[in-house]
Amino acid sequence: FLTDWINSELKEDHIVVKNMEEDLFDGLVLCHLLRKIGGITLEVEEIAVSSSSQRHKLGVIMEAISQSLQLQEDGLKWSVNAIHSKDLLSTLHLLIALAQHFQPDLTLPPNVSVEVIIVEPTKNGMRTEKAIELITSSRDTAPKADAFDQLFELNPEKVDDVKQAIINFVNKHLANLSLTVTDLMTQFSDGVILLLLIGQLEGFFLNLSSFFLTPVTQENKIHNVSFAVDLLLDGEILPSVINPADIVNGDLKATLRILYSLFLKHKHS
């Protein structure tokens, strides 16, 4: 998405980005992009050849960006060294910040996160841990009122009947996996059973490395549910975006919405 955006903006300059890490590290593309989207012209050499001149150029660019976006140096998720060393995560954070500031109407892909492996030397060797770093936030457009809003507001006494119907549907299709659901709010909050159910209903295998089979942290659970929501949106099964955090936090209405979308498609299967 970002590559297409940059190439569209810089088409008149005859600049084409093919590899984000390789094409942005020396500041040439960033300099042209700043001038195009922000009207910022910097007094730097057009093509910096040596490593020192590239770092100097990046330093001028980063300072201009910080001033334009009114950002504090200690809160930045990128740096001259990170961009120059072709760090993809830092480059993504930088481009997202530019896009959100100069073109707020640009519809960025929501709920994008990266699994980061942190390696730290200790007395006993190398210690590694995983963390989820958010790149883009969820869509901030709230879902329109639907049948579930009316159900909870006008007919709360019928909520249990709907829950039981969904539970029966879910258990019917999880029987092959020897899984049984009794509580929608707790058993779907980590995303594992939801992903397995989607795999069963849609007839495909989910690579176990693509989600956390035994999620421990809140980030693990958010990752799982976000993955499930993306699958349903890509398959045009889910009619509107659901905030993964609502599922993780045990929101019954959000959980029913996502399961009901599967029920509508597969109720006769």
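Rules of the game
Residue positions within a chain follow its written sequence, with the count starting from 1. Since the coordinates come from a predicted model, pLDDT governs what is reported: local features require at least 70, and pairs of side-chain atoms require 80 or more to be given and counted, while whole-chain, interface and lining totals use all residues. Only hydrogens and water are set aside when side-chain values are computed; all heavy atoms of the structure are taken into account. Ring pairs are drawn from Phe, Tyr and Trp, using the six-membered ring of Trp, whenever the two centres fall within 6.5 Å, and their geometry is named by plane angle: stacked under 30 degrees, edge-to-face over 60, tilted for the rest. Counting from the N terminus, the helices are DSSP H or I runs at least four residues long and the strands are E runs at least two residues long. Any residue under 20% of the maximum accessible area for its type is buried, any over 50% is exposed, and the rest in between are partly exposed; the area is computed with a 1.4 Å probe on protein chains only. We call a charge positioned above a ring when the Lys NZ or Arg CZ atom is no farther than 6 Å from the ring centre and deviates by at most 35 degrees from the ring normal. A side-chain nitrogen of Lys or Arg and a carboxyl oxygen of Asp or Glu constitute a salt bridge if their distance falls within 4 Å. Polar contacts, as counted here, are pairs of nitrogen or oxygen atoms within 3.5 Å of one another; within protein the pair requires one atom able to donate a hydrogen and one able to accept it, and residues that are adjacent in sequence qualify only if both atoms are side-chain atoms. Note on contacts: a residue pair is in contact if any heavy atoms of the two residues lie within 4.5 Å. UniProt positions are given in the numbering used here, feature names are shortened, and annotations may be inferred rather than shown by experiment. The pairing criterion for strands is at least two bridges between them, as found by DSSP. Here an axis means a line fitted to C-alpha atoms, over the contact stretch when the element is a helix, while the angle between two N-to-C directions is reported on a 0 to 180 degree scale. Roughly parallel refers to an angle under 35 degrees, roughly antiparallel to one over 145, roughly perpendicular to one between 65 and 115, and oblique to any angle outside these ranges. By convention the crossing between two helices is left-handed if the near helix lies anticlockwise of the far one by an angle smaller than a right angle, and right-handed if it lies clockwise. Charged means Asp, Glu, Lys or Arg here, nonpolar means Ala, Val, Leu, Ile, Met, Phe, Trp, Tyr, Cys or Pro, and polar covers whatever is left, Gly included.

**A word on the packing of aromatic side chains**
Under the definition given, this model contains two aromatic pairs. Ring centres of Phe169 and Phe263 lie 5.3 Å apart, and the angle between their planes is 90°; this geometry places the pair in the edge-to-face category. Pair noted here: Phe169 is in helix H8 (residues 159–174) and Phe263 is in helix H13 (residues 252–266), with a separation of 94 residues, a long-range link. Residue classification places Phe169 among the buried positions, given a relative accessible area of 7%. Taking relative accessible area as the criterion, Phe263 reaches 24% and is therefore assigned partly exposed. Taking the centre distance of 5.8 Å and the plane angle of 25° together, the rings of Tyr260 and Phe263 count as stacked. Residue Tyr260 and its partner Phe263 are located together in helix H13, separated by three residues, close to a single helical turn. Exposure remark for Tyr260: the relative accessible area of 32% places this residue in the partly exposed category. An aromatic cluster of at least three residues, connected via ring pairs, comprises Phe169, Tyr260 and Phe263. Directly above the ring of Phe25 sits Lys86, whose terminal nitrogen or CZ lies 4.6 Å from the centroid.

**Quick look at the pattern of salt bridges**
Summed over all chains, the structure comprises seven salt bridges. Between Glu22 and Lys86 there is a salt bridge, with its nearest N and O atoms 2.8 Å apart. Residue Glu22 is found in helix H2 (residues 20–24), and its partner Lys86 is found in the loop between helix H5 (80–84) and helix H6 (88–102); the two are separated by 64 residues along the sequence. Judged by its relative accessible area of 32%, Lys86 is partly exposed. A salt bridge links Glu120 to Arg127; its shortest N-O distance comes to 2.3 Å. For Arg127, a relative accessible area of 36% gives the class partly exposed. Put simply, Glu120, Arg127 and Glu129 are held in one network by salt bridges that share partners.

**Remarks on the side chain of Ser189**
The topology assignment puts Ser189 in the loop between helix H9 (184–187) and helix H10 (192–202). Here the side chain of Ser189 touches Thr186 through a polar contact of 2.8 Å, landing on its backbone oxygen.

**A look at the environment of Leu76**
Position of Leu76 relative to the elements: it lies in the loop between helix H4 (51–69) and H5. In this structure, the C-alpha to C-alpha distance between Leu76 and His93, residues 17 residues apart in sequence, is 8.9 Å. Leaving out residues up to four positions away in the same chain, Leu76 has contacts with Ser66 and Leu71.

**Structural notes on the UniProt feature "domain: Calponin-homology (CH)" (unreviewed entry) in the protein chain**
Under the UniProt annotation, the feature "domain: Calponin-homology (CH)" (unreviewed entry) is placed at residues 1–103 and 160–267. In the segment residues 160–267, helix accounts for 62% and strand for 0%; the C-alpha atoms at its two ends are 19 Å apart.

**Points about unusual backbone geometry**
Look at Asn111: it is not a glycine, yet its phi comes out positive at around 55°. By the element assignment, Asn111 lies in the loop between H6 and strand E1 (113–122). You will see that Glu236, though not glycine, has its phi angle at about 55°, which is positive. Inspection of the secondary structure assignment puts Glu236 in the loop between helix H11 (218–234) and helix H12 (244–248). Since its relative accessible area comes to 73%, Glu236 is described here as exposed.

**Remarks on helix H1 (residues 2–9)**
Residues of H1 that are buried include every one of Leu2, Trp5, Ile6, Asn7 and Glu9, and no others. Those residues of H1 that are buried lie in contact with H2, helix H3 (28–38) and H6.

**Notes on the pairing of E1**
Judged from the ten bridges that link them, E1 and strand E2 (residues 125–134) form a sheet pairing that is antiparallel. Bridge pairing in E2 places Val116 opposite Ala131.

**Some thoughts on the packing of H10 against H11**
A pair of packed helices can be characterised by two numbers: the angle between their axes and the separation between those axes. Contact geometry for H10 and H11: axes closest at 8 Å, N-to-C directions at 25°. With respect to H11, the element H10 is oriented roughly parallel. Once H10 is placed against H11, the crossing between them reads as left-handed. Residues Val192, Leu194, Leu195 and Ile198 of H10 pack against Asn224, Phe227, Ala228, Leu231 and Leu232 of H11. Here the contact of H10 with H11 is built from residues that sort into eight nonpolar, one polar and no charged.

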